[in-house]
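Breakdown of the fold
What follows is the residue order along each chain.
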Amino acid sequence: MNLFLDAFAWLADPANWVGSGSIPQRLAEHLRYTGLAVLVASLIAVPLGWWIGHTGRGRELVVGLTGAARALPSFGLLFLFVMVAGVLQREPASVVVLMLLAVPPILAGAYAGFEVIDRRIIDAARAMGMTEWQILWKVEVPLGLPLLFGGLRSGVLQVVATAVLISYIGLGGLGYDIVQGIELRRFDQMLGSAILIIALALLLDAAFALLERWAVPRGVRAGRLPEPRTAPTGRRATAESPATTEREEKN
Amino acid sequence: MFTARNKGRLAVTAAVVGASLALAGCASGDPLAPEPDTDAPAETIVIGSQAYYSNEIIAELYAQALEAEGFEVERNFQIGQRDAYIPALEAGEVDLFPEYTGNLLQFWSPDTTATQADEVYAELLTVVPEGLQVLDQSPATDQDSYNVTAEFAEANGLESIADLAGVEGLILGGAPELEERPYGPTGLLEVYGVTVAFEATGDTTVDALLVGLANVANVYSADPRIGQNGLVTLADPEGLFLASNVVPIAAADLPQGAVDIINAVSAALTPEGLVALNVQSTVDQLSSAEIATQWLTENGFLG
Amino acid sequence: MTWVLNNLGLILELTLEHIRLSILPIVLGFLIAIPLGWVAYRYRLTRGLILTLVGLLYTIPSLALFVILPPLLGIGFLSEANVIIALTIYAVAIMARSVADALASVDPDVRQAATAVGYSSWGRFWGVDFPLAGPVLLAGLRVVAVSTVSLLTVGIVVGVQSLGYLFTNGYERGILASVLTGVVMTVLVALLFDRVLVLLGRLLMPWTRTRTAPLAKGAAA
């Protein structure tokens, strides 16, 4: 427990909060890489996931590819990209590696969100004369938002935790103090930084929960089954990871 | 409707889980046991190495030289940082380890003022913990050094670290921990009056220097890339860096026969020889074992 | 390519070591997650708390965990236990939610029928709920396996040998083939585990055999 006291003492030390390499600077760097990676991942995964969910096409292929993407070791990929692209490209290399991590859960959230929608609702919309475009934007997207947010939140959490590794290729972020602390044997600094990262992850998760409340139409929330994922679609259950697509305990 | 079938299914599940557990258990032994090596036969010499390719090569030299004389050797290479393996040495889990005099002295005696090779070695002998011994130091060195590109040296008339004092816009590149080391930015300012910004460049320090992310780089003196890229190593007249010769550290009860062999290896390893070994690893991409066999054969330790 | 051919022995040795070290965290994580997930499923009030707490574990950076555990638990730095415990923690973090979800996925009607034909709650859990939750459990376990295999590579930072050696050593020596081989072998080992789990699933849950196994199938395509 002493170790934790030391870590909090390190966190409370004003000297660590000012100047170059200060905690705020590391936090800002960490947020920047996380934000960029999640943004790029969303730009790719959300439209793709919606397209798959809407058309039902290419699902098997994408599920397979994202499964394989989960197996990619971020640690080795970082080194690989820097060696191939050169040290000047280490920032884009980091963003790409982190992005690869965030794509699978966001993609899964996007298409799973469409898949759990009762087919009768879609049929009803079509019967009312909605165009495919209207069905997409007015029915599927709003109804799919809860699971999409689940995917986003899980992607953010993974990126925040993994962004530590970019310090290994000489970039900043909160991992810097961990990598430096390992060599200098400063446990207070290592644990303190780890606590910061966990706190950051929690804050971001809470922020996304709020965003979800604001973005998801009230009708969708109210109309949701208590356990939407348990709709007996065994096919879906084997395909995706419940761990990475659904987080709804806060509702 | 599933009941009849499921009892059997459950039994299979249990059997498989049990079997896989047992397998996993067999494979890795008791995961909570502190170290698997302690019950190795007494005559087996456990050799460790840092997570540094050059250090691994030296460890491999020791291993093959000892094996050639009939000793049983166990390799426990790539143990990572000094803080991880020194306790292992002290606990007797590792018997022999290639080290570097200056860095090791600084580990045990952070406030040391010794800088020259012989001073450092003499002081090192006095701070060795009980149960360990320091063998003869080798002429080969591998120490921190500050390097600049030939163009940068020429443009600013640089030969020694002291010459940096008048240069504006210096960026020092190195591993993240250099920022906090006594010979890092603080030492540069105190000893030489040189002000630098710091850039963490890690394993790509030389590349970073070449592309201009940094203009002064901390590179180990035995790194072949110094010669390959025509870098200029700045002289260190004030002794900012401790001399760091290759030195084996061993358990106090290492057999005398083994001590003699290792001392002979150390004596035969020259500074240029160490760089050549590193070239074989990074340029020729040979494995440590191949490099060691070749060197030991050429130097008459094998065959 | 020359490098690969010259180092086949090393690659094989590290791959086997990687497989060996991955097994225990996966199995332990699964076993520990079952009671946790069951509590979270059974007592709705605890669900949010338990799943948030274990979810939190997953956000601890692996690098930090590998370094903090030894002094915290009083185990040796060189000890494999360090990395095994850390990876088990991550496995539990993923799996506990899967277990809770899997149990919730069992049709309540089946559960009521089982009670009606006289199952005790203990017997019903193992005889009805657990097998029927199988497909979702399997899905979770596959994520655990793949993530464990991938995370193990970071253990090289604290000196635990795995395919991660090819990353750090190759990066340090500037050997691209080494890092690339490490990445490819890590993915292959992950897919191997995935494949084995799918086959195990088919063996233990023959009623799911007609269904496809999208992750492995798609990856092979």
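Being a predicted model, the structure only gives us computed values, none of them experimental.

Cut-offs used in this document
- Residues numbered from 1 in each chain as written.
- Chains lettered and ligands numbered in written order.
- Predicted model: local features only at pLDDT ≥ 70, side-chain atom pairs only at ≥ 80, totals over all residues.
- Heavy atoms only, no water.
- Helix = DSSP H or I, 4+ residues; strand = E, 2+ residues; numbered from the N terminus.
- Salt bridge = Lys/Arg side-chain N within 4 Å of Asp/Glu carboxyl O.
- Contact = heavy atoms within 4.5 Å.
- Buried area = accessible area lost by both parts, 1.4 Å probe.
- Buried < 20%, exposed > 50% of the residue type's maximum accessible area, 1.4 Å probe, protein only.
- Axes fitted to C-alpha atoms, helices over the stretch in contact; angles between N-to-C directions.
- Parallel < 35°, antiparallel > 145°, perpendicular 65-115°, else oblique.
- Left-handed = near helix turned anticlockwise from the far one by under 90°.
- Nonpolar A, V, L, I, M, F, W, Y, C, P; charged D, E, K, R; others polar.
- Core = buried A, V, L, I, M, F, W, Y, C linked by side-chain atoms within 4.5 Å.
- Polar contact = N/O pair within 3.5 Å; in protein donor to acceptor, adjacent residues only side chain to side chain.
- pLDDT = per-residue confidence, 0-100.
- Patch = residues over 30% accessible without salt bridge, like charges linked within 9 Å, V, L, I, M, F, W, Y side chains within 5 Å.
- Areas by Shrake-Rupley, 256 points an atom, 1.4 Å probe, with all protein chains shown as cover.
- Pairing = 2+ DSSP bridges.
- Expected span 1.5 Å × (residues − 1).

1. Points about the overall build of chain A
The number of helices and strands found in chain A is 12 helices and zero strands. Starting at the N terminus and walking to the C terminus, you meet the elements of chain A as α-α-α-α-α-α-α-α-α-α-α-α.

2. As for the pattern of salt bridges
Counting across every chain of the model gives 20 salt bridges over all chains. The salt bridge involving E180(B) is made with R186(A); its shortest N-O contact spans 3.2 Å. Placement of E180(B) in the loop between β6 (171-174) and α7 (185-192) and of R186(A) in the loop between α8 (175-184) and α9 (187-215) is noted, with the two residues assigned to different chains. Residues E60(B) and R75(B) are paired through a salt bridge, measuring 3.0 Å at the closest nitrogen-oxygen approach. Note that E60(B) is positioned in helix α2 (residues 53-68) and R75(B) in strand β2 (residues 73-76), a separation of 15 residues in sequence. Residues joined by salt bridges that share partners form a network here, namely R59(A), E60(A) and E115(A).

3. Details of the interface of chain A and chain C
At the junction of the two partners, chain A supplies 53 residues and chain C supplies 52 residues. Between chain A and chain C lies a buried interface of about 4,700 Å² when both sides are counted; carbon and sulfur atoms form 77% of it. Taken together, the connections running from chain A to chain C amount to zero salt bridges. At the level of elements, α1 (2-12), α3 (59-71), α4 (74-85), α7 (132-162), α8, α9, α11 (234-239) and α12 (242-245) of chain A are the ones that each hand at least two residues to the side of chain A that touches chain C.

4. Re the environment of N229(B)
All names here are of chain B. Along the chain, N229 falls in the loop between α9 (224-228) and β9 (232-233). Residue classification places N229 among the partly exposed residues on the basis of a relative accessible area of 33%. With 23 residues separating them along the chain, N229 and V206 place their C-alpha atoms 8.8 Å apart. With residues up to four places along the chain from it excluded, the contact list for N229 reads V206 and L210.

5. Examining the packing of α7(A) against α9(A)
All names here are of chain A. The N-to-C vectors of α7 and α9 enclose an angle of 165°; their axes lie 10 Å apart at closest approach. By the angle between their directions, the pair α7 and α9 is classed as roughly antiparallel. Crossing hand, α7 versus α9: right-handed. Seen from α7, the contacting residues are L145, P146, F149, L152, R153, V156, L157, V160 and A161; seen from α9, they are I197, L200, A201, L204, D205, F208, A209, L211, E212 and A215. Residue classes in the contact of α7 with α9 are distributed as 16 nonpolar, no polar and three charged.

6. Regarding the nonpolar core
With 143 residues, the main nonpolar core has F75(A), F79(A), I106(A), L63(C), M95(C) and V157(C) as its most contacted residues. If you tally residues by element for this core, the top one is helix α5 (residues 80-104) of chain C, at 14 residues. Setting aside residues up to four positions removed in sequence, L63(C) forms contacts with V164(A), L165(A), Y168(A), I178(A), V179(A), I182(A), V154(C) and V157(C). Counting 36 residues, the second largest nonpolar core, distinct from the first, contains I45(B), A63(B), A222(B) and L277(B).

7. Quick word on the side chain of E212(A)
Residues and elements named next belong to chain A. Residue position: E212 is located in helix α9. Classification of E212 by relative accessible area gives buried; the value is 8%. Apart from the residues within four sequence positions on either side, E212 is in contact with P146, F149 and R153.

8. Topic: the interface of chain B and chain A
Contacts between the two partners involve 16 residues from chain B and, on the opposite side, 13 residues from chain A. Summing both partners gives a buried area of about 1,400 Å² for chain B against chain A, and 54% of it is carried by carbon and sulfur. Applying the counting rule to chain B against chain A returns five residue pairs in polar contact (both at pLDDT 80 or more). For the side of chain B that touches chain A, the secondary-structure elements that each account for two or more residues are β7 (197-200) and α8 (205-211) of chain B. Looking at side-chain class alone, the side of chain B that touches chain A contains six nonpolar, three polar and seven charged residues.

9. Some details on the packing of helix α4 (residues 101-108) of chain B against helix α5 (residues 117-127) of chain B
All names here are of chain B. Direction vectors running N to C along α4 and α5 enclose 40°, while the axes themselves pass 9 Å from each other. Taken together, α4 and α5 sit at an angle that is classed as oblique. Crossing of α4 against α5: the hand is left-handed. The segment α4 lies against α5, with T101, G102, L104, L105 and W108 engaging V120, Y121, E123, L124 and V127. Its residues assigned to classes, the contact of α4 with α5 comprises seven nonpolar, two polar and one charged.

10. Quick word on the confidence of the model for chain A
Residues and elements named next belong to chain A. With 87% of its residues at a pLDDT of at least 70, chain A reaches an overall mean of 82. Across chain A, the element-wise mean pLDDT spans from 35 in α11 up to 94 in helix α2 (residues 23-55). Note that residues 223-251 has pLDDT below 50 and, in this model, 78 contacts with residues that lie over four places away or in other chains.

11. Regarding a nonpolar patch on the surface
A cluster of nonpolar side chains, namely L39(A), L43(A) and I44(A), defines an oily patch on the protein surface of about 310 Å² accessible area. Structurally, the position occupied by I44(A) is in helix α2.

12. Notes on the pairing of strand β10 (residues 246-251) of chain B
Residues and elements named next belong to chain B. Among the six residues in β10, six count as buried, and that is most of the element. Bridge count for strand β4 (residues 132-134) against β10 is three bridges, and the pairing is antiparallel. For L132, the partnering residue across the bridge sits in β10 and is A251.

13. Remarks on α4(A)
Under the 1.5 Å per step criterion, the end-to-end length of α4(A) is 16 Å for 12 residues, consistent within 8% with the ideal 16 Å. Where α4(A) is concerned, the buried positions are S74(A), F75(A), G76(A), L77(A), L78(A), F79(A), L80(A) and V82(A). On its buried face, α4(A) is in contact with α5 (90-115) and α7 of chain A together with α8 (134-152), α9 (164-173) and α10 (176-204) of chain C. Looking one or two residues past α4(A), G86(A) carries a phi angle of roughly 95°, positive in sign.

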